[in-house]
Amino acid sequence: DNEKHPELGLAVGTKVSRGQDWRWNNQDNEGCGVIVAKMGWRQQSPETLDAVKVLWVANGKLFNYRYGADGAYDIKALSEQPIALYHPKNLSLEVFSE
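None of the values given here were measured: they were computed from a predicted structure.

*Asks:* Now, about the packing of aromatic side chains: what can you tell me, with residues and values included?
*Replies:* Counted under the stated rule, the structure contains seven aromatic pairs. With a centroid separation of 6.3 Å and an interplanar angle of 70°, the aromatic rings of Trp 24 and Tyr 65 are classed as edge-to-face. Here the residue Trp 24 occupies a position in the loop between strand E1 (15-18) and strand E2 (33-39), and Tyr 65 occupies one in strand E4 (residues 62-66), the gap between them amounting to 41 residues. The same class applies to Trp 24 and to Tyr 65, which are both buried. Clustering of aromatic rings is evident, with ring pairs tying together Trp 22, Trp 24, Trp 41, Trp 56, Phe 63 and Tyr 65.

If you want it as structure tokens, here you go:
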């Protein structure tokens, strides 16, 4: 289970929703999103991949969330395999399967 083992991480393209430590009001429109990047939560340690950038399907907005940072998991995986590929140049999302 990736939430108990953050070192396993979540792959870019993984379908996600709110996790056990969600505290971000309605940024997700209570829907699903797709991980578009892995990153460090803190600027002073960007090499530590303990956060992710999520593109929310319902509103098309991008936000950063903790995935292991401070022991918190703002998002959780809804699928084991990546389901989409994000194209940042034209802000499009190519979905493989649901």
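The discussion continues.
*Asks:* Please provide a residue-by-residue account of the pairing of E4, values included.
*Replies:* Here five bridges tie strand E3 (residues 51-56) to E4, and the two strands are oriented antiparallel to one another. The residue bridging Leu 55 from the neighbouring strand is Leu 62, located in E4. With antiparallel pairing between neighbouring strands as the criterion, E3 and E4 make up a hairpin whose turn holds five residues, including Gly 60 at a positive phi of roughly 70°.

*Asks:* A description of the side chain of Thr 14 should follow, citing residues and the corresponding values.
*Replies:* You can see Thr 14 is positioned in the segment before E1. In terms of polar contacts, Thr 14 uses its side chain to reach the backbone carbonyl oxygen of Ala 11, at 2.7 Å.

*Asks:* How would you explain the confidence of the model for the protein if you had to name every residue and give the values?
*Replies:* Taken over all residues, the pLDDT of the protein has a mean of 80, while the share at 70 or more is 69%. By mean pLDDT, the top-scoring element of the protein is E4 (95), and the lowest-scoring one is strand E7 (residues 92-95) (59).

Criteria and cut-off values
- Residues numbered from 1 in each chain as written.
- Predicted model: local features only at pLDDT ≥ 70, side-chain atom pairs only at ≥ 80, totals over all residues.
- Heavy atoms only, no water.
- Phe/Tyr/Trp six-rings, centres within 6.5 Å; stacked < 30°, edge-to-face > 60°.
- Helix = DSSP H or I, 4+ residues; strand = E, 2+ residues; numbered from the N terminus.
- Buried < 20%, exposed > 50% of the residue type's maximum accessible area, 1.4 Å probe, protein only.
- Pairing = 2+ DSSP bridges.
- Polar contact = N/O pair within 3.5 Å; in protein donor to acceptor, adjacent residues only side chain to side chain.
- pLDDT = per-residue confidence, 0-100.

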